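Here is how the chains run, residue by residue.
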Amino acid sequence: MQRIPNWADVVLVPLFSLLIAFLLSGVVIFAIGENPIAAVKMMISGAVGSTYGWGYTLYYATNFLFTGLAFAVASHARLFNIGTEGQATLGGLGVALVCLYIPWPHWALALPAAMIGGALFGAAWAFLPAWLQAKRGSHIVITTIMFNYIGFSLLNYVLVNVLRPVGAMDPATAKFPEGTHLPTLHDILGVFGIPFSKAAPANISFVIALIACFLVWVLIWRTRLGYALRSYGQSESAAVYAGISPTKIIVVAMLISGGLAGLMAVNNVMGEAERLVLNSVEGAGFIGIAVALMGRNHPFGILLASILFGVLYQGGAELALWMNIPRELIVVIQALVILFTGALDNMVRMPIAYVFNLRRRKETA
Amino acid sequence: MTIKATFLGAVATLALGAGGALADPALIYDLGGKFDKSFNEAAHNGAEKWKAETGGSYNEIELQSEAQREQALRRFAEAGNNPIIMTGFAFGSALGEVAPDYPDTKFAIIDMVVDSPNVRSVVFNEHEGSYLVGMMAAMASESGTVGFIGGMDIPLIRKFACGYAQGVKAVNPDATVVQNMTGTTPAAWNDPVKGGELTKAQISQGADVVYAAAGGTGVGVLSAAADEGILSIGVDSNQNYLHPGKVLTSMMKRVDNAVYEAMSQGADLETGFNVMGIANGGIGYALDEYNAELVSAEMQAAVDDAAAKIASGEIAVHDYMSDNACPVQ
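Keep in mind that what you see is a predicted model, and the values were worked out from it rather than measured. (Residues numbered from 1 in each chain as written. Chains lettered and ligands numbered in written order. Predicted model: local features only at pLDDT ≥ 70, side-chain atom pairs only at ≥ 80, totals over all residues.)

## So, the sheet that holds strand β4 (residues 107–110) of chain B
All names here are of chain B.
So, point 1. Strand order across the open sheet formed by six strands is β2-β1-β3-β4-β5-β11, with parallel pairing between neighbours. Strand pairing shows two members of the sheet lacking a second neighbour, β2 (59–62) and β11 (272–276), which therefore form its edges. With strand direction ignored, the average angle separating the axes of adjacent strands in the sheet is 15°.
So, point 2. As judged from the four bridges shared by strand β3 (residues 84–87) and β4, these two strands associate in the parallel manner. Bridge pairing in β4 links Ile84 to Phe107. (Pairing = 2+ DSSP bridges. Helix = DSSP H or I, 4+ residues; strand = E, 2+ residues; numbered from the N terminus. Axes fitted to C-alpha atoms, helices over the stretch in contact; angles between N-to-C directions.)

## Notes on the sheet that holds strand β12 (residues 283–285) of chain B
Residue and element names in this part refer to chain B.
So, point 1. A sheet is described by the order of its strands in space; here six strands give the open sequence β7-β6-β8-β9-β10-β12, paired in mixed fashion. Strands with a single pairing partner mark the edges of an open sheet, and in this sheet they are β7 (176–183) and β12. Strand-to-strand twist in this sheet, taken as the mean axis angle between neighbours without regard to direction, amounts to 15°.
So, point 2. In the sheet, strand β6 (residues 145–152) pairs with β7 via seven bridges, with the strands oriented parallel. Looking at β7, one finds that Met152 is bridged to Gly183.
So, point 3. Helix α5 (residues 126–140) rests against β6, β8 (209–213), β9 (231–236), β10 (247–253) and β12 of the sheet, and its axis sits at about 170° to β10. (Contact = placed C-beta atoms within 7 Å.)

## Some thoughts on the domain arrangement of chain A
So, point 1. Taken domain by domain, chain A consists of domain 1 (1–34 + 330–365) and domain 2 (58–310).
So, point 2. Taken over C-alpha atoms, the centre of domain 1 of chain A sits 30 Å from the centre of domain 2 of chain A. (Domains from an automatic or database assignment.)

## A closer look at the interface of chain B and chain A
So, point 1. Chain B puts 26 residues into the contact, and the matching count from chain A is 24 residues.
So, point 2. The set of elements that each furnish at least two residues to the side of chain B that touches chain A consists of α1 (2–16), β2, α3 (68–78) and α6 (155–171) of chain B.
So, point 3. By residue number, the principal contributor to the side of chain B that touches chain A is α1 of chain B, which donates six residues.
So, point 4. Residues belonging to the side of chain B that touches chain A are distributed by class as follows: 14 nonpolar, seven polar and five charged. (Nonpolar A, V, L, I, M, F, W, Y, C, P; charged D, E, K, R; others polar.)

Okay, here's the thing in structure tokens:
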């Protein structure tokens, strides 16, 4: 394949992909009789035009950050973890149990415990597929997908039969007690005198997600375990020759991956809903795959990609509120962006590489 | 086009941050979506009726996710929409949090009670309507066995089942009521295949009239009943037209009237507890050209008589949700 400079790979390719996706979305919006320019303007101003918009954008971005990092860690060991959705679902259960059954005096104590609860449950849900892959060769893609469904059904059972308060109709737990309510960005920035919308759900979990980003970077590129992970991912036989145990790597990578996915529940269950509902993950696990692919499995890239997807989600919500665009078409617009930035990468890369090659040839000639 | 222009205008105002009060009503549909042939669609019809009669405009949103519940409420409230109407019990906890933050905005919630001075809680006496269609089922049944198929197993649906069973027993104390629920999660509202299977299972137990209180699942119940040659009873909207001559009647829950009324009252919406029952036209049964042949004059007279007695308080239908128990099985 033709070589292109690093900066073009990181900046130009995603930028062009986005532009094409937005152009196509514009055609779709135009076809149903709405003004595409007004729609794009509204999407962007709705997502980043106010602290309120930012509050929702960062809330969604936090979810995608955790699941994106989860996918990336497994991906470095060449494990395709589609199960982040189920692992985050179970993480929600862990967080809910910690919040409901222990009387916390203050959120600062509840938060670390909830993080451990969420990560433990998420990791536990990833353990069996990992063990089956390592010991019996059952393909991780199949087992993690199936574990998603088992997870949903388990949560169904627990919410309907165990955790639902008496007399309530919604299959959801009771509200978490006061001591577990996390400070939102409004509360945090308020300390420094920065005004931020009170209504938005973005909370301290965003900071935790940023720390997780850094720690994942350290893990992958600055530790022996990270080195073992990457070398197993590049070549299993070489890794075995170097004395790396495949079983250990598969299980450890999946445990970390599942734990990161489970951590997401601190944001959506503890930070936003403050109770556990059915389908609390809402597809963030699958979006995480797109986020990780777009961010090239690098924590910094994942950070940028998750903010982009946060903008898409929040912008899409604004479109649904204020324009006559049916919700199905908003999903189409979001999907177009995923398609171009994630799947059709080469369609954009090849022409760009061609242009660079032309220039290079001229320079050498 | 005028509505679109208004929307864009509203958008422009918002974008500029001026945020002038719109005072247009807003309607939020639950996750089932606007065109579900049942509950949400009835709300939409009410809003459209209001629009056609007054020439006003309203904002609406079909939710995509749980997180959007609170978001949509806050967004409409901050934009000055008034009143804000939402369909479904699942909005209860979100509204409980949002309503106190916007004391000058009026909210209306259907199928749930939220205790706040600026909220109108609209609940329906579904047990009364179910009682009436239960009487009709018992009169139409030849086998003495009738069926009930509920959607999600929640107290609200048991309330339907209990009213229905009471109506059946009022006509024929020896009748058997076979009851089934489709599931325990919201997916049970939209599972027509399982609805059809349950119908066939009930037929094998001798049922020759089935009543579906199951949202989108009911479509499967009605079509399976029509295929097997027995009678069925629709719910929420008038569903008689789905299988002409095969649907005995429909238990009408006038969500459209509730939405229409809330929009008509506008910003002066009367708050508090609002019970829609037989007495105020909120509940009834459907009679039209599609089921005229099925409902005899004798049957109609008996049901109308019972309706009048329920309205006057002479017959008290037990409400399952008052004590989570049903006096008849």
